[in-house]
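These are the residues of each chain, in order.
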Amino acid sequence: MSQDAGGSAATAGGSRRMPNIAQLMRPSERSVQVALITFVAVAVAVVASMFLVAATGGSPGDAAEALYTGSIADTAAWSETLKAATPLLLVALGACISNRAGVFNIGQEGQLLLGAGVAAYVALHLALPGVLVMILSLLAGALAGGLWSGASAVMHYTRNVNIVVSTLLMSFLAIQLVSFAVTVPWILQAPRASADSIASSESAQLPPEVRIPGFGQYPALEIGGGLIVSIILTIVLAVLLGRSRWGFRLNMLGLNPMAARHAGVRAPWLGGTALALSGAFAGLAGAIILSGQVFRLQPALSNNFGWDGLLVALIARSRPIAAVPVALLFGALRSGSSFLASTGVPNYLVDIVQALLVLAFVVPPVLAKVRSRGRAEATPPPAEPVPASTTEPEKVTA
Amino acid sequence: MTDDQTDSVPREAPALELRGVTKCFGPVVACDAVDLAVRSGEIHGLLGENGAGKSTLMKVLLGLVQRDEGTVLRHGERVEIPTPQAAVALGLGMVHQHFSLIEPLTVWENVSLGEPGRVKRDEVCDQIKTVGERYGLPISPTARVEDLSAGERQRVEIIKCLRRDPEVLILDEPTSVLTMAESQELFEVLRDVVAKENRAVILISHKLAEIMAATDQVTVLRKGSVAFRCRTSTTNPRELAKQMVGREVSLGTEGAALGLISEDSTPEEVQAAAEETPAAAPATTPTGEPTTPALTIEDVVVKGPDGRTLLDKFALTVSPGEILALYGVEGNGQATLGDLLSGLLEPASGTVAVNGATVPLNKVGSLHKAGVGVVPEDRHRSGVVLDMSVLDNLVMTDLGRVSGRFLLKRREARKLAARLIEQFNISTPSMDTPLRNLSGGNQQRVVLARELAGDPSVLVAAQPTHGLDVGAIEDMYARLRAAAARGVAVLLITTELEEVMALASRVAVISSGRVNGVLDIHEATAERLGMLVGGEAA
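Residues numbered from 1 in each chain as written. Chains lettered and ligands numbered in written order. Predicted model: local features only at pLDDT ≥ 70, side-chain atom pairs only at ≥ 80, totals over all residues. Heavy atoms only, no water.

This next bit is on the overall build of chain B. Along its length, chain B carries 20 helices and 20 strands. For chain B, the proportion of its 538 residues judged to be buried stands at 59%. Look at the contacts in chain B between residues 6 or more apart in sequence, and 65% of them connect residues 24 or more apart. Counting only carbon and sulfur atoms, one obtains 49% of the accessible surface of chain B, whose full area is about 21500 Å². (Helix = DSSP H or I, 4+ residues; strand = E, 2+ residues; numbered from the N terminus. Buried < 20%, exposed > 50% of the residue type's maximum accessible area, 1.4 Å probe, protein only. Contact = heavy atoms within 4.5 Å. Areas by Shrake-Rupley, 256 points an atom, 1.4 Å probe, with all protein chains shown as cover.)

Next comes the structure, spelled out in structure tokens:
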């Protein structure tokens, strides 16, 4: 196919002939440049982190070792890393969908907690066989997250309310709702252990039969059902985004809404469902944390998984497959951070390291773009010579 | 070159002179040892196709690009122009082809933009008024740029430039968005600037009529080097066209693209040109014949967000196989009509029917489905997705053709794209290249190929040659004619009279959002069209 394209280009451009396959296989000059800058930026981030550790009175070597021990040193550590990576990956997958459509959902933290809350309610109140309850609670969690972000979509497409603002504010609302629900006995608060004990702000434990089953047990590698679900969803989503009509239209909508409309895309429908889906993924992540990992609803359950998942999608640049290693890295930092305390380095330093890493990954493509734009302005007139300047160098390498 | 130097010795040194300026971008030689001398008190035309090196040359002058070789002299003294600020300090000012105005800001804000120091509102406003009065460029300093017509925006750009009092004024394709009357006004202003104040003007253009009418000297660039130079009075449009393209061009068809049919052409000349065009004859359906029109627009009313009426009971029919030109001054509702037919907006009232069947305009994509293809006026806005590949852009409006129930059939899509790329002669390194990397002409071909691929009954082409070079214009004309010959009803929305004369069999004139009259091309004289454009009956 590309042969044909090259052929016609050659006929149009005179006697030019281009090696098509090689040209396609070779990464563009820009992606090499991005990789280089990223490498340097990550190195800088790591060095800066070591400085911070030293500045807070710790030893960088000890800290690194603690991080390593806590995250990937043995199967038990790996289990913790995978546990943390699961919700991060799910949230990131949802963010991939909405980002592609150009609707930026940043309210995952609340959607995740709300999903966990609704899942807890279903799991604790539904009197059905255990497996069925488990499945229904997961679906209910996803539905809750989806409706929550879907509400922002409705507000946007009917009343033109800014999506970033509304998803963020709705997120705080969701967090308050769940915090309230666990203080009211007839909703979710756990019954007091005895008449004179103080009721705490949390739900009762989920009975074992409604929890998500998994493989392996401490100290062997534990693989939760939630992890398997999220890997399957990653693959499905990667195929859908890359190969389906839906994915194509989603991309088109995100990159040029006008052209998408001309091509028959109904923005309120497609963009709205994309936003709702991203919320549903966050809700599902919450439900999976609840019934696969902690088994008890507490307002602290969300534990920044929503925010961090968004960062994972940011680094993966909205590509589901790329989100997997990034989620693993973030998961490793989380599990490793629990071992930091023993070295005297404050736990929150890991947040700073994470932030530095995000910057290290996010800034280089932008830098490369700015640089290439600067060069584009210095290139001959925008109209005709552009293809010439992009095709000519290939000729030279040929 | 050497004779030019010896020529200049006895006389006063030119206001601006370039000697042997060369600039390469990688292996591409954009400018190859270009010599150019511009004297005070004259308008110097710089003629050339897109990509001939005109813009690069000017960017060298403005300090946007650093030359590889050669020298720049101001009044005979060597100067360096490392930055745009240096260019301003040297008295060089440029009015760019694409407006660099910020739409939500007012005129005075745009004019003072980028100037250091405190913002002095009243002072700037006064200056705008004085500059406007002196050169006949009236504009309200407090008007918002987004409310201005293209002509008025151009005025703002020129005022912005003149306020800095440049000795050498460079205008890059200043008339590409202007109507004939606006262009004429502009040239009168330029004459004034040159005659009264002894400034020098460089006028970049690829319109021959303009160069002939407005300049004293002309230099033709072809493929980066100077192909020809002379006093304008000693040459003729044919000669210039030949030098620019490097071969003979025929007056009737391609000539129109070059602007050979000027506003001064007598009606006979215009008609002769019209008759020379092959498909100009209304193929099978003369006006008034009771066949079903391919496109019927009836009483369409569209209101803007601010309540202004953009289309006012707009009514028009286009028959299969004809090219109907909708001619008028920019800003009279053409853009709205284009959006309407692209399916980007819903009218307040009125109907659109394709082949007699009313199209449900409230359903997104229904017009395209009904068989209306659109080459939009601003292709970057609604015609293409720049960051998607050529392949994706070629198939995006008819995904159903290249996909199963859920998944795309990449192979079929590639087959279709390969066919279209070949058929429409789209020059691209590969079909996976982002569309952004293609030239304007090739991007336009992608749009046309895609819109024609679905075998539409109606093709709407809004300013289809805007910003294209001569070769691409010829190609576009041929394809529009071919489409009409196949029975497609072509609605050509244009502000160029030359284009109307070269292509259309009928011409409708739009004024203030309504059709002010429809003429057969043979009755369309410049005078009658002028009256209709101005909102009068004719």
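Tallying secondary structure elements over chain A gives 16 helices and two strands in all. Across the 398 residues in chain A, those meeting the buried criterion constitute 46%. Contacts in chain A between residues at least 24 apart in sequence constitute 73% of all its contacts with a sequence separation of at least 6. Total accessible area computed for chain A in this model is approximately 18500 Å², and 69% of it derives from carbon and sulfur atoms.

Bringing the pattern of salt bridges into the picture now. Residue and element names in this part refer to chain B. Using the criterion set out here, one finds 22 salt bridges over all chains in the structure. In this structure, the salt-bridge partner of R155 is E185, at a minimum N-O distance of 3.6 Å. Here R155 is found in helix α6 (residues 150-162), whereas its partner E185 is found in helix α7 (residues 180-197), with 30 residues between them in sequence. Classification of R155 by relative accessible area gives buried; the value is 16%. Residues participating in the shared-partner salt-bridge network are D165, E197 and R199. (Salt bridge = Lys/Arg side-chain N within 4 Å of Asp/Glu carboxyl O.)

The next subject is the sheet that holds strand β2 (residues 28-38) of chain B. Residues and elements named next belong to chain B. Strand order in the open sheet made by the four strands is β2-β1-β4-β5, with antiparallel pairing throughout. At either margin of the open sheet sits one strand with a lone partner, and together these are β2 and β5 (77-79). Between one strand and the next, the sheet's axes are offset by a mean angle of 30 degrees, whatever the strand orientation. Bridging between strand β1 (residues 16-25) and strand β4 (residues 69-74) involves five bridges; their strand directions are antiparallel. Along β4, the bridge assignment pairs E17 with L73. Set on the sheet, helix α2 (residues 54-61) makes contact with β1, β2 and β4; between it and β1 the angle comes to about 115 degrees. (Pairing = 2+ DSSP bridges. Axes fitted to C-alpha atoms, helices over the stretch in contact; angles between N-to-C directions.)

What follows concerns the packing of helix α4 (residues 60-71) of chain A against helix α14 (residues 320-337) of chain A. Residues and elements named next belong to chain A. Between α4 and α14, the least distance of the axes is 7 Å, while the angle of their chain directions is 105 degrees. Here α4 is positioned roughly perpendicular relative to α14, judged by the angle of their axes. Facing A66, L67, G70 and S71 of α4, the residues of α14 in contact are A332, L333, S335, G336 and S337. Its residues placed into classes, the contact of α4 with α14 shows four nonpolar, five polar and no charged. (Parallel < 35°, antiparallel > 145°, perpendicular 65-115°, else oblique. Nonpolar A, V, L, I, M, F, W, Y, C, P; charged D, E, K, R; others polar.)

Here the focus is the packing of aromatic side chains. What the rule picks out here adds up to zero aromatic pairs over all chains. The aromatic ring of A:F305 is capped on one face by A:R334, whose charged end is 3.9 Å from the ring centroid. (Phe/Tyr/Trp six-rings, centres within 6.5 Å; stacked < 30°, edge-to-face > 60°. Lys NZ or Arg CZ within 6 Å of the ring centre and 35° of its normal.)

In this section: the side chain of A:S166. Residue and element names in this part refer to chain A. The residue S166 is located in helix α8 (residues 163-181) in this model. Owing to a relative accessible area of 5%, S166 belongs among the buried residues under this scheme. With near-sequence residues (within four places) excluded, S166 lies in contact with S152, M155 and V161.

For the rest of this paragraph, the subject is helix α6 (residues 108-125) of chain A. Between its first and last C-alpha atoms α6(A) spans 25 Å; for 18 residues at 1.5 Å apiece the expected length is 26 Å, and the two agree. The buried fraction of α6(A) is high, at 14 of 18 residues. (Expected span 1.5 Å × (residues − 1).)

Here the residue pair A:Y218 and A:P219 is connected by a cis peptide bond, since its omega of 5 degrees sits within 30 degrees of zero. Relative to the helices and strands, A:P219 is located in the loop between β1 (214-215) and β2 (223-224). In this model, A:N160 sits at a positive phi of 60 degrees, which is unusual for a non-glycine residue. As for its placement among the helices and strands, A:N160 is situated in the loop between α7 (130-159) and α8. Of note, B:Q463 is a non-glycine position whose phi angle comes to about 45 degrees, a positive value. Assignment of secondary structure puts B:Q463 in the loop between β17 (458-462) and α18 (470-485). You can call B:Q463 buried: its relative accessible area is 9%.

Taken together, the side chains of A:L126, A:L128, A:V131, A:L132, A:I135, A:L136 and A:L139 define a hydrophobic patch exposed on the protein surface, amounting to about 590 Å² of accessible area. Among the structural elements, A:I135 can be located in helix α7. (Patch = residues over 30% accessible without salt bridge, like charges linked within 9 Å, V, L, I, M, F, W, Y side chains within 5 Å.)

Residue and element names in this part refer to chain B. Read across the sheet, four strands follow the order β12-β11-β14-β15 without closing on themselves; strand pairing throughout is antiparallel. Both outer strands of the open sheet, β12 (309-318) and β15 (357-358), are each paired with one neighbouring strand and no more. Looking at chain direction, strand β14 (residues 349-354) and β15 are connected through two bridges and run antiparallel. Counted as the bridge partner of A353 is T358 from β15.

Residues and elements named next belong to chain B. When pLDDT is averaged across chain B, the result is 82; 86% of the residues are at 70 or more. Every residue in residues 1-10 is under pLDDT 50, and counting partners more than four places away or in other chains gives seven contacts. Of the regions scoring below 50 in pLDDT, residues 249-289 engages in 68 contacts with residues more than four places distant in sequence or in other chains. In the predicted assembly, ipTM is 0.80 and pTM is 0.71. (pLDDT = per-residue confidence, 0-100.)

A few words on empty space enclosed by the protein. Picture a little ball the size of a water molecule; that probe, rolled over the atoms, points out where space is still empty. Residue and element names in this part refer to chain B. The tally for this structure, following the rule as stated, stands at eight cavities of 30 Å³ or more. Taken as a whole, the second largest cavity encloses approximately 90 Å³ of empty space. What lines the second largest cavity is a set of 11 residues, and nearest its centre among them are L137, G151, R155, E182 and L186. Contributing elements (two or more residues each) for the lining of the second largest cavity: α6 and α7. For the lining of the second largest cavity, the class distribution of residues is five nonpolar, three polar and three charged. (1 Å grid on protein atoms, 1.4 Å probe; cavity = no way out; pocket = protein on both sides within 12 Å on 5 of 7 lines; lining within 4 Å. Points joined across faces, edges and corners; volume = space filled by probe spheres on them.)

Our next topic: α6(B). All names here are of chain B. Under the 1.5 Å per step criterion, the end-to-end length of α6 is 18 Å for 13 residues, consistent within 8% with the ideal 18 Å. The buried fraction of α6 amounts to 12 of the 13 residues, a majority that puts the element mostly inside the structure. For α6, the complete set of buried residues consists of A150, G151, R153, Q154, R155, V156, E157, I158, I159, K160, C161 and L162.

Attention now moves to the nonpolar core. When a protein is soluble and globular, its nonpolar side chains tend to lie buried together. Counting 135 residues, the largest nonpolar core has A:M252, A:L297, B:L394, B:V507 and B:L529 as the members making the most contacts within it. For this core, the element with the highest residue contribution is helix α12 (residues 267-294) of chain A, accounting for 12 residues. Look past the residues within four positions of A:L297 in its chain and what remains in contact with it is A:A116, A:G117, A:A120, A:V178, A:V182, A:L188, A:E202, A:S203 and A:L290. (Core = buried A, V, L, I, M, F, W, Y, C linked by side-chain atoms within 4.5 Å.)

A few words now on the pairing of strand β19 (residues 506-511) of chain B. All names here are of chain B. Burial analysis of β19 places six of its six residues in the buried class, the great majority of the element. On β19, burial covers both faces: R506, A508 and I510 on one face and V507, V509 and S511 on the other are all buried. Bridge count for β19 against strand β20 (residues 514-520) is six bridges, and the pairing is antiparallel. What sits directly across from V509, in β20, is G517.

The next thing to look at is the domain arrangement of chain B. The assigned domain composition of chain B is domain 1 (16-257) and domain 2 (295-533). On a C-alpha basis, the centres of domain 1 of chain B and domain 2 of chain B stand 31 Å from each other. (Domains from an automatic or database assignment.)

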